[in-house]
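Observations on chain architecture
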Amino acid sequence: MANDGASLSHVIILSSLSDAERGAFASELKWRRIATGENVIKHLNDDSQVYFLISGALKVSVQSPVGKEVFIRRLSPGEHFGEIAALADTINGMIETLA
């Protein structure tokens, strides 16, 4: 899959962008291909990136206190995740700057 605006055409939160705007946005992204079974983000990690799922599926799960995997949900192409951590990081940065 090409790393361009067309790859982002089915991403729900980017659907209102024009082709040119998606293309410009795509050129600013860091693109990654994730292998089957590879962790994208670990629970309670301080990652503050927003991720867009272009193809495949992504299982969201956490580890219980007793070490069992707890399934949360499955993400499909066009969905995104990480936006809350990214916004919280931005807000925390603003608070630190203002304090």
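Conventions used here
Along each chain, the written sequence defines residue order, and numbers are assigned to residues from 1. Selection of residues for local features in this predicted model requires a pLDDT of at least 70, selection of side-chain atom pairs for listing and counting requires 80 or more, and totals for whole chains, interfaces and linings are taken over all residues. No hydrogens and no water enter the side-chain calculation; it runs on all heavy atoms of the structure. We count a stretch as a helix when DSSP gives it H or I for four or more residues in a row; a strand needs E for two or more, and each element gets its number in order from the N terminus. Pairing of N or O atoms within 3.5 Å defines a polar contact, subject to two protein rules: one partner must be a possible hydrogen donor and the other a possible acceptor, and residues neighboring in sequence count only if both atoms are side-chain atoms. pLDDT measures the predictor's confidence residue by residue and takes values from 0 up to 100. The contact criterion used is simple: two residues touch if any of their non-hydrogen atoms lie within 4.5 Å. In what follows, salt bridge is the name for a side-chain nitrogen of Lys or Arg lying within 4 Å of a carboxyl oxygen of Asp or Glu. The cut-offs for exposure are 20% and 50% of the maximum accessible area for each residue type, with area from a 1.4 Å probe on protein chains only; residues under the lower value are buried, those over the upper are exposed, and the others partly exposed. Paired strands, as defined in this entry, are two strands with at least two bridges between them according to DSSP. Classification of ring pairs uses Phe, Tyr and Trp, with its six-membered ring standing for Trp, and accepts pairs whose centres are within 6.5 Å; under 30 degrees between planes counts as stacked, over 60 as edge-to-face, and the remaining range as tilted.

**Quick look at the side chain of E79**
By the element assignment, E79 lies in the loop between β3 (69-75) and β4 (80-81). Engagement of the side chain of E79 in a polar contact is seen with the backbone nitrogen of S76, the distance being 2.7 Å.

**Points about the confidence of the model for the chain**
Close inspection of predicted coordinates is inappropriate for parts of the model with low pLDDT. The predicted model of the chain has a mean per-residue pLDDT of 81, with 79% of residues at 70 or higher. Across the chain, helix α1 (residues 19-27) holds the top mean pLDDT of 92, while helix α2 (residues 83-98) sits lowest at 58. Across residues 93-99, confidence stays below pLDDT 50; counting only partners more than four residues off in sequence or on other chains, it has zero contacts.

**Structural notes on the pattern of salt bridges**
What the rule picks out here adds up to four salt bridges. With its nearest N and O atoms 2.6 Å apart, the salt bridge here joins R22 to D19. Here R22 pairs with D19, and both are found in helix α1, just three residues apart, close to one helical turn. Judged by its relative accessible area of 7%, R22 falls in the buried class. K59 is the salt-bridge partner of E69, the closest N and O atoms lying 3.0 Å from each other. One end of the pair, E69, is in strand β3; the other, K59, is in strand β2 (residues 58-63), with 10 residues separating them in the sequence.

**Examining the pairing of β3**
Of the strand pairs in this sheet, β2 and β3 are connected by six bridges, and their pairing is antiparallel. Bridged to S61 within β3 is F71.

**Overview of the packing of aromatic side chains**
What the rule picks out here adds up to two aromatic pairs. Ring geometry for F25 against F52: centres 5.9 Å apart, planes inclined by 80 degrees, an arrangement best described as edge-to-face. Taken together, the residues F25 in helix α1 and F52 in strand β1 (residues 51-52) connect sequence positions 27 residues apart. Assessed through its relative accessible area of 31%, F25 is described here as partly exposed. When its relative accessible area of 19% is taken as the criterion, F52 is described as buried. Ring centres of Y51 and F81 lie 4.9 Å apart, and the angle between their planes is 10 degrees; this geometry places the pair in the stacked category. Of this pair, Y51 sits in strand β1 while F81 sits in strand β4, and the two are 30 residues apart along the sequence. Owing to a relative accessible area of 16%, Y51 belongs among the buried residues under this scheme.

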